[in-house]
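Fold and contact review
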Amino acid sequence: MTDTFEAKGMRKKLVDELRRKGISDEDVLSAVGTVPRHLFMDPAFLSHAYVDKAFPLTSGQTISQPYTVAFQTSLLKVRKRDKILEIGTGSGYQAAILAVMGARVFTIERHRDLFYKAQQTLESIGYSADFFFGDGYEGKPQYGPFDGIVITAAAPEVPLKLLQQLKAGGRMVVPVGSSNSQIMTLVEKTGDDTFEYTSHGNFVFVPMLKGIGNVK
Ligand code: SAH
């Protein structure tokens, strides 16, 4: 399956909708207008790809709502060539948005089938990212420190090992809370050992689980 004029038209409308909902970072909006989201979902669901809703993937996981992806990406303040670590590759859509924005993307997934599938999807479209199968709680210290870390699953608390992998001046965006509802939290590393926390509204993500495997 490839990109189509129809899909491009639908993306343009989605971008307008995100703008109306308050997304103002032009680089993020341009990335949403560029990445063919329908290629990250089952081909039968083209009509669902460009409505602003989350959608089920295999393995009981979900591709985040476009608004949520755009919101998290805006909080990250991505600059070209930034090193960004993503926890929870899922479909690979968020990784593709970051890649299109010029970031060097490192992404970790604990579900083996999603890890393989996302890698294939990005490769087939021609986006580049480094994919890892493993437990995101461990991060990737050997590739750090990172300018930004985005967690796309609900964390019970800010994972400390990941904070340690942030550059001074770096930003982590993480939904923190129970399984029912989380607060989008921005952690800015202001100095070698100082962090500033701010809250950015309520969201609902699938849980960030410990270890690897296919257990929901
Ligand atoms: N960013 C994705 C959406 C992710 S849904 C996208 O753009 O499509 C959350 C993902 O986090 C799921 O695929 C889930 O398997 C994964 N996940 C949950 N806990 C994890 C962990 N500890 N390490 C890595 N991935 C994890």
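Within each chain, residues carry numbers counting from 1 in the order of the written sequence. The predicted origin of the model limits local features to residues at a pLDDT of at least 70 and limits the giving and counting of side-chain atom pairs to 80 or more, whereas totals for whole chains, interfaces and linings rest on all residues. Side-chain measures were taken over the full set of non-hydrogen atoms in the model, leaving aside hydrogen atoms and water.

The next point concerns the pattern of salt bridges. Salt bridge, as applied in this entry: a Lys or Arg side-chain nitrogen positioned within 4 Å of an Asp or Glu carboxyl oxygen. Counted by the stated rule, this structure contains 9 salt bridges. We note a salt bridge from Lys161 to Glu138, for which the minimum N-O separation is 2.7 Å. Of this pair, Lys161 sits in helix 7 (residues 160-163) while Glu138 sits in the loop between strand 5 (130-133) and strand 6 (146-151), and the two are 23 residues apart along the sequence. Exposed residues in this analysis have more than 50% of their type's maximum accessible area, buried residues have under 20%, and partly exposed residues fall in between, with area computed by a 1.4 Å probe over protein chains only. Judged by relative accessible area, Lys161 falls into the partly exposed class, the value being 41%. Each helix is a run of DSSP H or I of at least 4 residues and each strand a run of E of at least 2, with the numbering of both proceeding from the N terminus.

Turning to the sheet that holds strand 9 (residues 195-203), a few remarks are in order. Strand order in the open sheet made by the 7 strands is 5-4-3-6-7-8-9, with mixed pairing throughout. Both edges of this open sheet fall to strand 5 and strand 9, since each of them pairs with a single strand only. Strand-to-strand twist of the sheet, defined as the mean angle between neighbouring strand axes without regard to direction, takes the value 15°. Between any two strands, at least two bridges found by DSSP are needed for them to pair. For strand 7 (residues 166-177) and strand 8 (residues 182-189), the ladder comprises 7 bridges, and the chain directions are antiparallel. The residue bridging Val174 from the neighbouring strand is Thr185, located in strand 8. Throughout, a contact is declared for two residues whenever any of their heavy atoms are within 4.5 Å. Axis definition: a line fit to C-alpha positions, over the contact stretch in the case of helices; interaxial angles, taken between N-to-C directions, run 0 to 180 degrees. Together, strand 3 (83-87), strand 6, strand 7, strand 8 and strand 9 form the strand contacts of helix 4 (residues 66-76), whose direction differs from that of strand 7 by roughly 150°.

Along the polypeptide, Leu14 turns up in helix 1 (residues 5-20). Judged by its relative accessible area of 1%, Leu14 falls in the buried class. Taking the C-alpha atoms as reference, Leu14 lies 9.7 Å from Ala49; in sequence the two are 35 residues apart. What Leu14 contacts, discounting residues up to four positions off in sequence, is Val32, Tyr50, Val51, Asp52 and Pro66.

Looking now at the site of the ligand. Definition of nearness: a residue and a molecule or strand are near each other if at least one heavy atom of the residue lies within 4 Å of the molecule or strand. Glu86, Ser91, Glu109, Gly136 and Leu209 are the nearest of the 28 residues found near the ligand. Polar contacts, as counted here, are pairs of nitrogen or oxygen atoms within 3.5 Å of one another; within protein the pair requires one atom able to donate a hydrogen and one able to accept it, and residues that are adjacent in sequence qualify only if both atoms are side-chain atoms. Gly88 is positioned such that a nitrogen or oxygen atom in its backbone is 2.9 Å from a nitrogen atom of the ligand. A distance of 3.0 Å separates an oxygen atom of the ligand from a polar backbone atom of Gln94. All accessibility values rest on the Shrake-Rupley procedure with a 1.4 Å probe; residue burial counts only the protein chains present in the view. In isolation the ligand offers 580 Å² of accessible surface; the protein chains occlude 99% of this area. For the shell around the ligand, the secondary-structure elements that each account for two or more residues are strand 2 (62-63), strand 3, helix 5 (93-100) and strand 4 (104-109). Of the residues that constitute the shell around the ligand, the class distribution is 11 nonpolar, 13 polar and 4 charged. Any residue that is not Ala, Val, Leu, Ile, Met, Phe, Trp, Tyr, Cys, Pro, Asp, Glu, Lys or Arg is counted as polar, Gly included; the first ten are nonpolar and the last four charged.

Time to look at helix 1. In this analysis, the expected span of each helix is defined as 1.5 Å times one less than the number of residues it contains. The terminal C-alpha atoms of helix 1 lie 23 Å apart, and with 16 residues this matches the ideal 22 Å at 1.5 Å per residue to within 8%. All buried positions along helix 1 are accounted for by Ala7, Arg11, Leu14, Val15 and Leu18. Projected onto a plane normal to the axis of helix 1, the buried residues spread over an arc of 105° and lie on a single side. For helix 1, the exposed residues lying more than 90 degrees away from the buried face are Phe5, Glu6, Lys12, Lys13 and Arg20. A positive backbone phi angle near 110° is found at Gly22, which sits one or two residues after helix 1. It is the directions from the helix axis to the C-beta atoms that the arc portrays.

Our focus in this paragraph is the layout of surface pockets. Considering only enclosed or pocket space, the largest pocket measures out at about 520 Å³ in volume. Lining the largest pocket we find 34 residues, and of these Gln61, Thr62, Thr152, Ala153 and Val206 sit closest to its centre. Elements represented by at least two residues in the lining of the largest pocket include exactly strand 2, helix 4, strand 3, helix 5 and strand 4. Split by residue class, the lining of the largest pocket holds 15 nonpolar, 15 polar and 4 charged. Along its surface, the second largest pocket is lined by 15 residues, and Met41, Asp42, Leu57, Thr58 and Lys117 are the ones closest to its centre. For the lining of the second largest pocket, the elements supplying multiple residues, two or more each, are strand 1 (55-56) and helix 6 (112-125). Here the element with the most residues in the lining of the second largest pocket is helix 6; it accounts for 4 residues. The distinction between a cavity and a pocket rests on a 1 Å grid over the protein atoms alone: a 1.4 Å probe fits inside a cavity but cannot get out, while a pocket stays open yet meets protein on both sides within 12 Å along at least five of seven lines, and a residue with an atom within 4 Å of a point counts as lining. Grid points are joined across faces, edges and corners, and a volume is the space filled by probe spheres set on the points.

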